[in-house]
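As a plain string of letters, each chain reads:
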Amino acid sequence: MLHSASLNGIPGEAGLPLLGKSLDLLRNPTQVSDDMVRKYGMVYWTNAFGRTSVTLLGPEANEFVLMDRQRNFSSKGGWDPILGRLFPNGLMLRDFDDHRAHRRIMQVAFKQPAMAAYVEKLNEGIRQGLERWEAEGDFRFYQAIKQLTLNTAASVFLGMPLGPEADRLNRAFYDSVQASVAVIRAPIPGTKMWRGVQGRKWIERYFREQIPLRRGTDATDMFTLLCNAVDEDGNSYTDDDVVDHMDFLMMAAHDTLTSSITTLVYHLCRNPEWQEAARRECAALALPADDLPYERLGDLQVVEWCFKEALRINPPVPSIPRCAVREFEFGGYRIPAGMTVNVSPGYTHRMPSIWSNPDRFEPDRFSDQRAEDRVHRFAWVPFGGGAHMCIGLHFAYMQAKVFMYQLLRNYRFHLDDGYQAEFQVMPIPKPKDGLPIHLRPLKEAA
Ligand code: HEM
């Protein structure tokens, strides 16, 4: 890590000895970026999590780094220190031609027929989950949606029924994701990293045992599709590839969906006029209240704006790291090869030069009339952009819509009067108290 006040003339500061700004970033990354911008502008360096990095802020920086027209940036180099030990060789940990080859095979699991089959399983899993919630009535939303998302993932991703095996898998994933941002990076027994490494071992063993049983079958879960996926040139995955990609996919899907749906439900509680508008839109489809078919997903415009607004306010991946493979120039600075470079959806999504009233929940800012997200192609970037843009983007919309449709058609939900959630941002946005919520069947609440 660097300790001088200036790096190639780039302004910035190291923070505390050894720790740099790690603790401040874990506590309040928004405050850190606001302070740094005030002191140094939109390009600055700092130390955190054992690395010196340069942060480039704003939509132009997002475009420059994510589109990477000059092939300056390695995604593997950026993510490796965070995810490499637990999710080695996942798609985000591959670069350039190797990355493109792996991504082409994975596309098979995200094509239209595959997606339509996932929607059926999602509808069923969500229906069962909501029935359990109804019996409880008052509960912590974050924990409940996390469990529901894990249960639906066991069925959609793995074709695995609910039960002790799914519970064990859920635990293993939970531990791996927690470990990805552990401050202590060595797997010393008892630490988060150690539990994460144990979790990864369990998952790996499970996948390896299952692969021969899945190859050549016609099941429609994502795991089986990846075992059998062949791209246009006849390329397919080895067993090792399937293990690495499945593990990574489950991780990439799980906490991002849990986080974004929690933010969405929180803001729909705080803005009951939007909850009602979304409910009216769902009812107007005149479909059964517990089943949203694939063909009608596109009809939920208001729900989509609300989800986009939740992703703007609390992007589940608030900062995206890369490693410079060569020296490059940006904003008048020369940034050396080998440097970690961050861009920040979290910062861009709050810039008053792009968003009017950025702190307010205003889903119609995504309407054709307001179109604030179209001020710049890289103004709204919860899914990243360029070669590594989220491959699960449509899956995310799909799950959010099926969930919201069933929730809105069957229940009203609210918080205690005057309640305001406090969200932690790192490792992923989440209400600190789990978001205590009240759910009432629609007929009863009317
Ligand atoms: C609201 C939900 C989600 C958000 C906000 C999100 C966000 C992101 C972002 C920002 C990236 C790019 C990171 C980078 O450029 O370094 C990414 C990549 C990725 N996401 Fe998502 N994601 C979500 C859901 C999902 C789901 C549901 C899946 C799978 C079903 C998924 C699978 C992936 C994969 C495999 C990559 C790596 C793509 C590549 O490197 O080519 N994500 N996601």
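Coordinates for the structure precede this section.
Caption draft 1: Structural detail: the overall build of the protein chain. From N to C terminus, the protein chain includes 16 helices and 14 strands. At 22 Å, the protein chain has a C-alpha radius of gyration in line with the 22 Å of a compact globule built from 446 residues. Relative to its 446 residues, the protein chain shows a buried fraction of 45%. The long-range share in the protein chain, meaning contacts at least 24 apart out of those at least 6 apart in sequence, stands at 72%.

Caption draft 2: Representation of the site of the ligand within the structure. Close to the ligand lie 23 residues; Ala253, Thr256, Gly384, Cys390 and Gly392 are nearest. Looking at the shell around the ligand, the elements with two or more residues in it are helix H11 (239–270) and helix H15 (393–410). With six residues, H11 is the single largest residue contributor to the shell around the ligand.

Caption draft 3: View of the pairing of strand E4 (residues 51–56). Both strand E3 (residues 43–48) and E4 contribute to a ladder of six bridges, which runs antiparallel. Looking at E4, one finds that Ala48 is bridged to Arg51. Hairpin connection from E3 to E4: two residues lie between these consecutive antiparallel strands, with Phe49 at a positive phi of about 50°. Direction of pairing for E4 relative to strand E10 (residues 340–343): parallel, over a ladder of three bridges. Looking at E10, one finds that Val54 is bridged to Val341.

Caption draft 4: Up close: the sheet that holds strand E14 (residues 436–441). Strand order in the open sheet formed by three strands is E6-E14-E11, with antiparallel pairing between adjacent strands. At either margin of the open sheet sits one strand with a lone partner, and together these are strand E6 (138–140) and strand E11 (411–414). This sheet shows a mean twist of 30° between the axes of neighbouring strands, independent of strand direction. Across the sheet, helix H7 (residues 141–156) touches E6 and E14, and the angle it forms with E6 is around 75°.

Caption draft 5: Spatial organisation of unusual backbone geometry. In the Ramachandran plot, Asp68 falls in the positive-phi region, its phi being about 45° despite a non-glycine side chain. The residue Asp68 is located in the loop between helix H3 (59–67) and strand E5 (73–74) in this model. The buried category is assigned to Asp68, around which 21 C-beta atoms lie within 10 Å. For Arg71, which is not a glycine, the phi torsion comes out positive at approximately 50°.

Caption draft 6: Just the packing of helix H12 (residues 272–283) against H15, in detail. For the pair H12 and H15, the least separation of the axes is 9 Å and the interaxial angle reads 100°. Between H12 and H15, the interaxial angle falls into the category roughly perpendicular. Side by side, H12 and H15 meet where Ala278, Arg279, Cys282 and Ala283 of the first sit next to Met404, Tyr405, Leu408 and Arg409 of the second. In terms of residue class, the contact of H12 with H15 is made up of six nonpolar, no polar and two charged.

Caption draft 7: View of the nonpolar core. Membership of the largest hydrophobic core comes to 84 residues, with the highest contact counts inside it found for Leu226, Ala278 and Cys306. Looking at this core, the element that brings in the most residues is H11, giving 16 residues. Filtering out sequence-adjacent residues up to four positions away, Cys306 remains in contact with Leu264, Leu268, Trp274, Ala278 and Pro363. In terms of nonpolar packing, the next biggest core, distinct from the first, is built from 27 residues, Phe64, Leu66, Val341 and Phe378 among them.

Caption draft 8: Region of interest: H11. With 32 residues, H11 should cover 46 Å at 1.5 Å per step; its first-to-last C-alpha distance of 47 Å lies within 8% of that length. Burial of H11 is extensive: 28 of the 32 residues sit out of reach of the surface.

Caption draft 9: Molecular detail of the environment of His99. Turning to its location among the elements, His99 is positioned in helix H5 (residues 96–106). Classification of His99 by C-beta neighbours within 10 Å gives partly exposed; the count is 18. Here the alpha-carbon distance between His99 and His388, two residues 289 residues apart in the chain, equals 8.6 Å. Not counting the four nearest positions on each side in its chain, His99 is found in contact with Leu91, Arg94 and Ala387.

About the cut-offs
Residues numbered from 1 in each chain as written. Predicted model: local features only at pLDDT ≥ 70, side-chain atom pairs only at ≥ 80, totals over all residues. Helix = DSSP H or I, 4+ residues; strand = E, 2+ residues; numbered from the N terminus. Rg over C-alpha atoms; globule rule 2.2 N^0.38 Å. Buried ≥ 20, exposed ≤ 12 C-beta atoms within 10 Å, placed from the backbone. Contact = placed C-beta atoms within 7 Å. Near = placed C-beta within 6 Å. Pairing = 2+ DSSP bridges. Axes fitted to C-alpha atoms, helices over the stretch in contact; angles between N-to-C directions. Parallel < 35°, antiparallel > 145°, perpendicular 65-115°, else oblique. Nonpolar A, V, L, I, M, F, W, Y, C, P; charged D, E, K, R; others polar. Core = buried A, V, L, I, M, F, W, Y, C linked by C-beta atoms within 7 Å. Expected span 1.5 Å × (residues − 1).

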